[in-house]
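Each chain, letter by letter, is given below.
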Amino acid sequence: DGGQVLPSESTPAHIYYINGTYTAKVIVERSTAIPQTKSLTVTVTIPPLAGLSCAVNPQTVKTGEDVTWRATWSGGVAPYTVTWAGDAPLPRTVVVSSKSSNIVVQYPEPGTYDGIVSVESPAEGGGSQTEGPVTCTNFVRVNPKFEVR
């Protein structure tokens, strides 16, 4: 369905972004034989985005040290657009193909910093579906006098 002609490959692939039932038709042609046709019907159900969570590691650092914010979720289809917000330098958007996103930031000033994340995925009709925003229940403390013991 959809009238698309796929490449002349032995294992063509197609990604469906809309729920529905589709019929794929394969035509095998050889110069010495009559073309053979086979059809296959598939039902596509795209699970909704769900279960967005986020965390930060480590939770206490010295100023200028790396802090990793991580978000995970389920459902939807790639590509996923992940929008991070919260205390600077977090505001940024990344596009990923897996169901997780890591960003590494550094905080130049002492303080307590929060993170907020939302995820967007393609949806039916060319639109998109969004999960979040979710505020990370964890936060990072930046202390210039922090010492590792």
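Given the structure is predicted, the values throughout are model-derived calculations rather than measurements. (Residues numbered from 1 in each chain as written. Predicted model: local features only at pLDDT ≥ 70, side-chain atom pairs only at ≥ 80, totals over all residues. Heavy atoms only, no water.)

1. A closer look at the pairing of strand β6 (residues 80–86)
Part 1: Here β6 runs beside strand β7 (residues 92–96); their pairing, made up of five bridges, is antiparallel. Looking across to β7, one finds that Thr83 is bridged to Thr93.
Part 2: Following β6, the chain reverses through five residues before pairing antiparallel with β7.
Part 3: Where β6 and strand β10 (residues 115–122) come together, six bridges link them in antiparallel fashion. Note on β10: the bridge partner recorded for Trp84 is Val117. (Pairing = 2+ DSSP bridges. Helix = DSSP H or I, 4+ residues; strand = E, 2+ residues; numbered from the N terminus.)

2. Considering the nonpolar core
Part 1: If you look at the biggest cluster of nonpolar residues, it comprises 23 residues, and the most contacted ones within it are Val67, Trp69, Trp73, Trp84, Tyr107 and Val140.
Part 2: Counting only elements with at least two residues in this core, the list comes to β3 (50–57), β5 (66–74), β6, β8 (100–106), β10 and β12 (140–142). (Core = buried A, V, L, I, M, F, W, Y, C linked by side-chain atoms within 4.5 Å. Buried < 20%, exposed > 50% of the residue type's maximum accessible area, 1.4 Å probe, protein only.)

3. As for the packing of aromatic side chains
Part 1: A full pass over the atoms with the stated rule returns two aromatic pairs.
Part 2: When the ring of Trp73 is compared with that of Tyr80, the centres are 5.3 Å apart and the planes differ by 65°; the resulting orientation is edge-to-face.
Part 3: On the accessibility criterion, Tyr80 (2% relative accessible area) is buried. (Phe/Tyr/Trp six-rings, centres within 6.5 Å; stacked < 30°, edge-to-face > 60°.)

4. A closer look at the sheet that holds β6
Sheet strands associate in pairs through backbone hydrogen bonding, adopting either a parallel or an antiparallel arrangement.
Part 1: Strand order across the open sheet formed by four strands is β7-β6-β10-β11, with antiparallel pairing between neighbours. Whereas interior strands pair on both sides, the edge strands pair on one side only; in this sheet they are β7 and β11 (128–135). Between one strand axis and the next, the sheet turns by 15° as a mean value, whatever way the strands run. (Axes fitted to C-alpha atoms, helices over the stretch in contact; angles between N-to-C directions.)

Don't take any of this as a statement about function, it's just geometry.
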